[in-house]
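Here is what each chain is made of, one letter per residue.
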Amino acid sequence: MPDGFVADMVLLDGKIVTIDGAFSITQAVAIKDGRFLAVGKDRDIQPLIGKHTRVFSLSGKTVVPGFVDSHIHMRWTGLNLNKINLRGISSIDGILEAIEEKVLHTPEDQWVQGFGWDEGYFREKRYPTRWDLDKVSGEHPVHLARAYGHIETVNSKVLKMAGITRSTPEPAGGKILRDFKTGEPSGVLSGQGALKLIEKILSYPSLKEQKEVIRAITRKFSAAGITSVCDGWCYPQDFRIFQEIKEAGDLTVRICGMVKVDAGVKPLKDCLADIEGWGPYTGFGDHMLKIGGIKLVLDGGIGGKTALTRTPYADDSANFGLQVIPTSELIEICKLAARNNWQVGVHCCGGRAVDLTLEAYQEAHTEKSIKNRRWVLIHAYEPNERTFAACRRLGIVVAAQPVFMHLMGHSFLSGWGRKRASCACPLKGWLSQKIHIGGGSDSPMTTYEPLVGIWAAVNRRVELTGMQLGGEQCIPVREALRMFTKESAYLTFDEDTKGSIEPGKLADLVVLGEDILSIPKMSIRDVPILMTVMDGRIVYEDKAVL
Ligand SMILES: [Zn+2]
């Protein structure tokens, strides 16, 4: 047989969920030179086996395309590997215990950092303050990021280092939370503008350390079945790190990096100059590493009640959330991005933020068409009929994270009340409007495991209470699978090369321990990942099983 028809790797006797146009399910697949060579029955694939072909017999196990996360933060997720994980801790005392332990083993003046606290889980139902943290720290700067970002608590030492005092004015695009009576900063900082105040003094890892972190996290992504990510917050230095790892041949996950423009916290002229300064634009790169869209952050999140909403928060009637970028600046930036052929993605959680984003997209469109540029709404919890119409008209796509309804369901309920919360993140709504939605995690805001995201899209169960929230927005497993593969690939213009198991496409796949399409829906998150193949290479393998 000519060499061109001999496979490098063959998987036989499986249940191959191809996610092709017809959602075909077949038995076997052959891989050659990093691409799928053929897909079909065992008898179709067996003739492609040669002397050097690696053959796996799957005994009926399920295979799906490699998962694609449409919105994730690699560096932050990696950096968290070295911080205290405060997720799920049920009291401020519990937080203090964790810090005390870490302080004991950390030299004085070195940073103690944690992430993932959520006051919704605390007995005390309030944010931890610097007065809490000071009880167990003094000589160590302590920095604790709330789950889902946007809010951070620091101790007195950090406030002092950053020069934040009672007389520090409120920053644009953020809030320094204060003692009601004395006006003293409480150590809680909310919104990008306030977080920027401590950014400069935060311990920042060296390039070498960052590289290690990215290597470590990509290995974890591979173990979770992820073969591609769209990183939603990259500066030029990130691309350098990615490129160095790629050139060393160590990249196990394909990366599309969005270019972060610090609008709202940096003067407009500097933001415009940043965009003008980029030579290559969206699409530059190759199948392993490429440049995505420009990333902007317009509002905050639901947890800290900083998502910019059309109507106020249920338990805070004067609060409509936070607008980080003035509307006129958002429009200017979008116009320049359109002129320079960029895709744009805006973090817009609340309904008002969604409306303003679409207004800016429309303004940009009148100057230069964005119709085929797949501009993105990131998060977009509260779309309405006008949103749907604008998305269809302008070809706008959505990066959705179903796992938010699971981990933050309690915040949606307290912030928006039951009726409104049930309609948040309406996956079924987007799908019925035929709008492309890519699945993702926004890790480290949530967990990066795609199976948890798929589980959440299908079940919509709130972690804290176990209740189902907005059951009418649950979607079928096959739709959730499509979201986390082909649809996410669509968001980065990769649907012709990724997201399904079809001849000619990049050989990215995952072998699952159970049949995700037929097991009880509540078990989906527990399905083991047995093997991940990226670019025809095995990048993760559970050796005990395969
Ligand atoms: Zn994000």
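Residues numbered from 1 in each chain as written. Predicted model: local features only at pLDDT ≥ 70, side-chain atom pairs only at ≥ 80, totals over all residues.

1. Looking at the environment of Gly304
The residue Gly304 is located in the loop between strand E17 (289–297) and helix H10 (327–339) in this model. Separated by 18 residues in sequence, Gly304 and Leu322 have C-alpha atoms that sit 10.0 Å apart. Not counting residues within four places of it along the chain, the set of residues in contact with Gly304 comprises Arg146, His150, Ile151 and Ser190. (Helix = DSSP H or I, 4+ residues; strand = E, 2+ residues; numbered from the N terminus. Contact = placed C-beta atoms within 7 Å.)

2. Side note on the packing of helix H7 (residues 207–223) against helix H8 (residues 236–247)
One can describe the packing of H7 onto H8 by two numbers: an axis separation of 10 Å at closest approach and a directional angle of 60°. Both H7 and H8 take part in a crossing whose hand is right-handed. Contact with H7, carried on its side by Leu207, Gln210, Lys211, Ile214 and Arg215, involves Ile241, Glu244 and Ile245 of H8 and no other residues of that element. By residue class, the composition of the contact of H7 with H8 is four nonpolar, one polar and three charged. (Axes fitted to C-alpha atoms, helices over the stretch in contact; angles between N-to-C directions. Left-handed = near helix turned anticlockwise from the far one by under 90°. Nonpolar A, V, L, I, M, F, W, Y, C, P; charged D, E, K, R; others polar.)

3. Describing the domain arrangement of the chain
Segmenting the chain into domains produces domain 1 (3–66 + 508–541), domain 2 (69–74 + 205–491) and domain 3 (88–146 + 151–190). A separation of 27 Å is found between the C-alpha centroids of domain 2 and domain 3. Across the side of domain 2 that touches domain 3, the residue classes break down as four nonpolar, six polar and no charged. (Domains from an automatic or database assignment.)

4. Some words on helix H16 (residues 450–459)
Of all 10 residues that make up H16, nine are buried, and the element is covered over most of its length. Summarising the contacts, the buried residues of H16 are in contact with strand E8 (67–72), strand E15 (226–234), helix H13 (403–407), helix H15 (427–432), strand E21 (437–439) and helix H17 (477–491). Of the residues one or two after H16, Arg460 is the one with positive phi, at around 45°. (Buried ≥ 20, exposed ≤ 12 C-beta atoms within 10 Å, placed from the backbone.)

5. Overview of the sheet that holds strand E20 (residues 397–400)
Across the sheet, which stays open at both edges, the eight strands sit in the order E8-E15-E16-E17-E18-E19-E20-E21 with parallel pairing between neighbours. The strands lining the two open edges of the sheet, one partner per strand, are E8 and E21. When strand polarity is set aside, the average angle formed by the axes of neighbouring strands in this sheet is 25°. Pairing of strand E16 (residues 254–260) with E17, which is carried by five bridges, proceeds in the parallel orientation. Looking across to E17, one finds that Cys256 is bridged to Lys290. (Pairing = 2+ DSSP bridges.)

6. Quick notes on the pairing of strand E19 (residues 376–379)
As paired elements, strand E18 (residues 344–348) and E19 share four bridges and run parallel to each other. When the sheet's bridge partners are listed, Val346 is paired in E19 with Leu377. In the classification by handedness, the crossover that spans E18, the intervening helix H11 (residues 351–367) and the parallel E19 is right-handed. (Right-handed = clockwise from strand over helix to strand, strands pointing away.)

7. Focus: the sheet that holds strand E11 (residues 142–146)
Strand order in this open sheet of six strands is E9-E10-E11-E12-E14-E13, and the pairing throughout is mixed. With partners counted over all chains shown, the strands left at the sheet margins are strand E9 (84–85) and strand E13 (175–178), one partner each. In the packing of helix H3 (residues 92–104) onto the sheet, contacts are made with E9, strand E10 (112–117) and E11, and the angle to E10 comes to roughly 155°. Across the sheet, helix H6 (residues 192–199) touches strand E12 (151–154), E13 and strand E14 (185–190), and the angle it forms with E14 is around 115°.

8. Digging into unusual backbone geometry
A cis amide bond links Ser443 with the next residue in sequence, Pro444, at an omega value of 15°. For Pro444, the location among the structural elements is in the loop between E21 and H16.

9. Quick notes on H17
For H17, which comprises 15 residues, the first-to-last C-alpha distance of 20 Å matches the rise-based estimate of 21 Å (1.5 Å per residue) to within 8%. The axis of H17 is deflected most strongly, by about 45°, at Met483. Of all 15 residues making up H17, 12 are buried, and the element is well covered by its neighbours. All of the buried residues along H17 are Ala480, Leu481, Arg482, Met483, Phe484, Thr485, Lys486, Glu487, Ser488, Ala489, Tyr490 and Leu491. Within two residues after H17, Phe493 carries a phi angle of roughly 65°, on the positive side. (Expected span 1.5 Å × (residues − 1). Bend = angle between axes of the 7 residues up to and from the residue.)

10. What about the pairing of E17?
The buried fraction of E17 amounts to eight of the nine residues, a majority that puts the element mostly inside the structure. Summarising the sheet, E17 and E18 pair through four bridges and their orientation is parallel. Bridge pairing in E18 links Ile294 to Val344. Regarding the hand of the β-α-β motif, the stretch spanning E17, H10 and E18 is right-handed.

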